[in-house]
Amino acid sequence: MHFEIPFTGHENIRSIHKNTIEITKEASLTPSGDCIIGVGAKCGCKEIPNNIKKKIKDPNSIIIFSIKVNGYSFKIKGKGHKDLICSDPKDIVLRKSNYICPRTLAVNCDKASDAIPRKLVQILQNPKTKGVFSIEVL
């Protein structure tokens, strides 16, 4: 199962959070949003197809996320959880922890935004950058 979400860069992307990675439908971003790696996303958790949401509620599911921008690709591996809600209309958050809220799409991820290579972060800081956030459920 595979789903792709287009997003754009923003000058305030810092990508320094140690526990989460987020993309948002919001068009603006303040420097305090230090886990956000993309704005203007096509969808939030709520709009992810139901067949994917059903699959990630399986605690044995492995989810591979990719951030693809200008020929670069950064992968994050996460897990599903039976209590995932996935109902937030604006945001998608990947977490290293087990914390679950309506914005959470995966838990126990192997990386957070601070692991994204700085060269990729520089590219994401350009508002003209177009990227793709890819979800693959195994």
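Residues numbered from 1 in each chain as written. Predicted model: local features only at pLDDT ≥ 70, side-chain atom pairs only at ≥ 80, totals over all residues. Heavy atoms only, no water.

Trainee: With reference to specific residues and values, describe the overall build of the protein chain.
Mentor: Helix and strand content of the protein chain: two helices and eight strands. Counting helices and strands in the order they occur from the N terminus, the protein chain gives β-β-β-α-β-β-β-β-α-β. For 138 residues, the compact-globule estimate of 2.2 N^0.38 gives 14 Å, and the protein chain sits close to it at 13 Å. Counting every position in the protein chain, which comprises 138 residues, the buried fraction comes to 48%. Sequence-distant contacts, at least 24 apart, represent 64% of the contacts inside the protein chain between residues at least 6 apart. Only carbon and sulfur atoms are counted for the fraction: they give 52% of the accessible area of the protein chain, which is about 6600 Å². With 23 positive and 13 negative side-chain charges, the protein chain shows a separation of 3 Å between the mean positions of the two kinds. (Helix = DSSP H or I, 4+ residues; strand = E, 2+ residues; numbered from the N terminus. Rg over C-alpha atoms; globule rule 2.2 N^0.38 Å. Buried < 20%, exposed > 50% of the residue type's maximum accessible area, 1.4 Å probe, protein only. Contact = heavy atoms within 4.5 Å. Areas by Shrake-Rupley, 256 points an atom, 1.4 Å probe, with all protein chains shown as cover. Lys, Arg positive; Asp, Glu negative; His and termini not counted. Charge placed at Lys NZ, Arg CZ, Asp CG, Glu CD.)

Trainee: I'd like a description of the state of the cysteines, backed by residues and values.
Mentor: Applying the stated rule across the entire model yields zero disulfides. Its sulfur unpaired, cysteine 86 is 4.8 Å from the next cysteine sulfur, which belongs to cysteine 45. By relative accessible area, which is 2% here, cysteine 86 ends up buried. Sulfur of cysteine 109: no disulfide; nearest cysteine sulfur belongs to cysteine 45 and is 12 Å away. (Disulfide = S-S within 2.5 Å.)

Trainee: Break down the nonpolar core for me, with residues and values.
Mentor: Counting 38 residues, the largest nonpolar core has Ile5, Phe65, Ile67, Leu94, Leu105, Phe133 and Ile135 as its most contacted members. With near-sequence residues (within four places) excluded, phenylalanine 65 lies in contact with Phe74, Lys75, Ile76, Gly78, Leu94, Leu105, Ala106, Phe133, Ser134 and Ile135. (Core = buried A, V, L, I, M, F, W, Y, C linked by side-chain atoms within 4.5 Å.)

Trainee: Before we move on, could you go through the environment of asparagine 108 and cite the residues and values that matter?
Mentor: Turning to its location among the elements, asparagine 108 is positioned in the loop between β7 (104–106) and α2 (118–124). Judged by relative accessible area, which is 37%, asparagine 108 ranks as partly exposed. Looking at asparagine 108, its side chain comes within polar contact range of the side chain of asparagine 98, at 3.0 Å. (Polar contact = N/O pair within 3.5 Å; in protein donor to acceptor, adjacent residues only side chain to side chain.)

Trainee: Report on the sheet that holds strand β4 (residues 62–69), specifying residues and quantitative values.
Mentor: If you walk across this open sheet you meet the four strands as β1-β8-β4-β5, and the pairing is antiparallel. A strand with exactly one partner marks an edge of an open sheet, and here the two such strands are β1 (2–8) and β5 (72–79). The mean angle between the axes of side-by-side strands here comes to 20°, regardless of whether they run parallel or antiparallel. Where β4 lies against β5, eight bridges are found, and the strand directions are antiparallel. By the bridge assignment, valine 69 is partnered in β5 with tyrosine 72. (Pairing = 2+ DSSP bridges. Axes fitted to C-alpha atoms, helices over the stretch in contact; angles between N-to-C directions.)

Trainee: So what's going on with the environment of cysteine 35? Which residues, and what values?
Mentor: Assignment of secondary structure puts cysteine 35 in the loop between β2 (20–24) and β3 (36–38). You can call cysteine 35 buried: its relative accessible area is 9%. In sequence terms cysteine 35 and serine 15 are 20 residues apart; their C-alpha atoms lie 5.0 Å from each other. The contact partners of cysteine 35, leaving out residues within four places of it in the chain, are His17, Thr20, Ile21, Glu22 and Ser113.

Trainee: Explain the side chain of threonine 24 to me, using residue names and the numbers behind them.
Mentor: Tracing the chain through its elements places threonine 24 in strand β2. Among the residues examined, threonine 24 registers a relative accessible area of 3% and is labelled buried. When near neighbours in sequence (up to four residues on either side) are disregarded, threonine 24 contacts Ile36, Gly38, Val39, Gly40, Ala41, Lys90 and Asp91.

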